[in-house]
Amino acid sequence: MIRHKFYLASTSPRRQELLAGMGIPFSVLSPGDDESVESNVSPQEMVRLLSKRKALAGVQMIDGDIPSVVLGADTVVAIDDHILGKPIDADDARRMLKLLSGRTHSVFTGVALAVAASNGAPSTCFITVMETKVTFRVMLPALIETYVATREPLDKAGGYGIQGGGSVFVIELLGDYFNVVGLPVSKVAAMLEQCGFDWWNPDCWLEGASSG
């Protein structure tokens, strides 16, 4: 078995926590903040492009002499094909929450695995997109104000964190809960298996990577 190092090309604490729960030793890479895409791309294509960009950028940051796997991920919220990223400020968070109130929206996460060999071969990138549908109850303006004041919405796609205070808004969820948090771990496991990795086996991974 060829042993690989595993890297997460994301500084998201939520993704780090979810990946750590799989028991895979990993190190964290910060691939940069370039999230520019064409203005007319669909939400699905946006997360596909950005997750691939993050994974391949991560490959450029690691030791090319060591066989490695780099995981990139990107999550957006979309309603009526309108993409909601992270709010730019509190007013933007209020706007997003009012838009989502009493309606069903989609959360898309793109997952990219870049497998880098140590023999100079180009990286191979495997990509998938997961969708989860989330329905919010109608939210009173005072509740929105109270939630925005916590500042939790400011670093979350769509202006809410389902694993935090935003959980009180959700009345129905169709799909993978962890996809909404930011990393569909069951899909990551399936992708690793499809790529031939016994990811649960400690002998699959090189020593030396830290768990976040």
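Residues numbered from 1 in each chain as written. Predicted model: local features only at pLDDT ≥ 70, side-chain atom pairs only at ≥ 80, totals over all residues. Heavy atoms only, no water.

Caption draft 1: Geometry of the pairing of strand S3 (residues 68–79). The buried count for S3 comes to 12 of 12 residues, which makes it a mostly enclosed element. What you see with S3 is no split at all: Ser 68, Val 70, Gly 72, Asp 74, Val 76 and Ala 78 on one side and Val 69, Leu 71, Ala 73, Thr 75, Val 77 and Ile 79 on the other are buried throughout. Across 4 bridges, strand S1 (residues 5–8) lies against S3 in parallel orientation. When the bridges of S3 are listed, Tyr 7 appears paired with Val 70. Looking at chain direction, S3 and strand S5 (residues 104–116) are connected through 11 bridges and run antiparallel. Following the sheet pairing, Val 76 is matched in S5 by Phe 108. By the bridge criterion, 3 bridges tie S3 to strand S4 (residues 82–84) in an arrangement that is antiparallel. If you follow Ala 78 over to S4, its bridge partner there is Ile 83. Count of turn residues in the S3/S4 antiparallel hairpin: 2 residues, of which Asp 80 carries a positive phi of about 55 degrees. (Buried < 20%, exposed > 50% of the residue type's maximum accessible area, 1.4 Å probe, protein only. Helix = DSSP H or I, 4+ residues; strand = E, 2+ residues; numbered from the N terminus. Pairing = 2+ DSSP bridges.)

Caption draft 2: Layout of the environment of Gly 159. Examined against the element boundaries, Gly 159 turns out to sit in the loop between helix H4 (141–149) and strand S7 (170–174). Residues Gly 159 and Met 96, spaced 63 residues apart in sequence, show a C-alpha to C-alpha distance of 6.2 Å.

Caption draft 3: Main features of the confidence of the model for the protein. Per-residue pLDDT for the protein has a mean of 90; in total, 92% of the residues score no lower than 70. Averaged pLDDT values over the elements of the protein bottom out at 91 in S4 and peak at 97 in S7. (pLDDT = per-residue confidence, 0-100.)

Caption draft 4: Spatial organisation of the environment of Met 191. With respect to the helices and strands, the residue Met 191 is situated in helix H6 (residues 185–194). The spacing of Met 191 and Leu 113 is 78 residues in sequence and 7.9 Å in space, taken between C-alpha atoms.

Caption draft 5: View of the nonpolar core. Counting 43 residues, the largest nonpolar core has Phe 6, Leu 19, Leu 71, Leu 97, Tyr 160, Leu 192 and Trp 205 as its most contacted members. Not counting chain neighbours up to four residues away, the residues in contact with Leu 97 comprise Phe 136, Met 139, Ile 144, Tyr 147, Val 148, Gly 158, Gly 159, Tyr 160 and Phe 169. Residues Tyr 7, Ala 9, Ala 55 and Ile 62 belong to the second largest nonpolar core, which totals 10 residues. (Core = buried A, V, L, I, M, F, W, Y, C linked by side-chain atoms within 4.5 Å. Contact = heavy atoms within 4.5 Å.)

Caption draft 6: Representation of helix H1 (residues 13–21) in the model. All of the buried residues along H1 are Arg 14, Arg 15, Gln 16, Leu 18 and Leu 19. Those residues of H1 that are buried lie in contact with S1, strand S2 (27–28), helix H2 (43–59), S3, helix H5 (177–181) and H6. In the stretch just after H1, Gly 23 is the one whose phi turns positive, near 85 degrees.

Caption draft 7: Up close: unusual backbone geometry. Located in the positive-phi region is Asp 80, a residue other than glycine, with phi close to 55 degrees. Of note, Asp 80 is situated in the loop between S3 and S4.

Caption draft 8: Structural view of the pattern of salt bridges. Counted according to the given criterion, the structure contains 9 salt bridges. Here Arg 103 ties to Asp 80 by a salt bridge, and the two come within 2.7 Å at their closest N and O atoms. Of this pair, Arg 103 sits in the loop between helix H3 (90–100) and S5 while Asp 80 sits in the loop between S3 and S4, and the two are 23 residues apart along the sequence. Under the relative-accessibility criterion, Arg 103 is labelled partly exposed at 31%. Note that Arg 94 and Glu 145 form a salt bridge whose closest N and O atoms lie 2.8 Å from each other. Highlighted residues: Arg 94 in helix H3 and Glu 145 in helix H4, separated in sequence by 51 residues. (Salt bridge = Lys/Arg side-chain N within 4 Å of Asp/Glu carboxyl O.)

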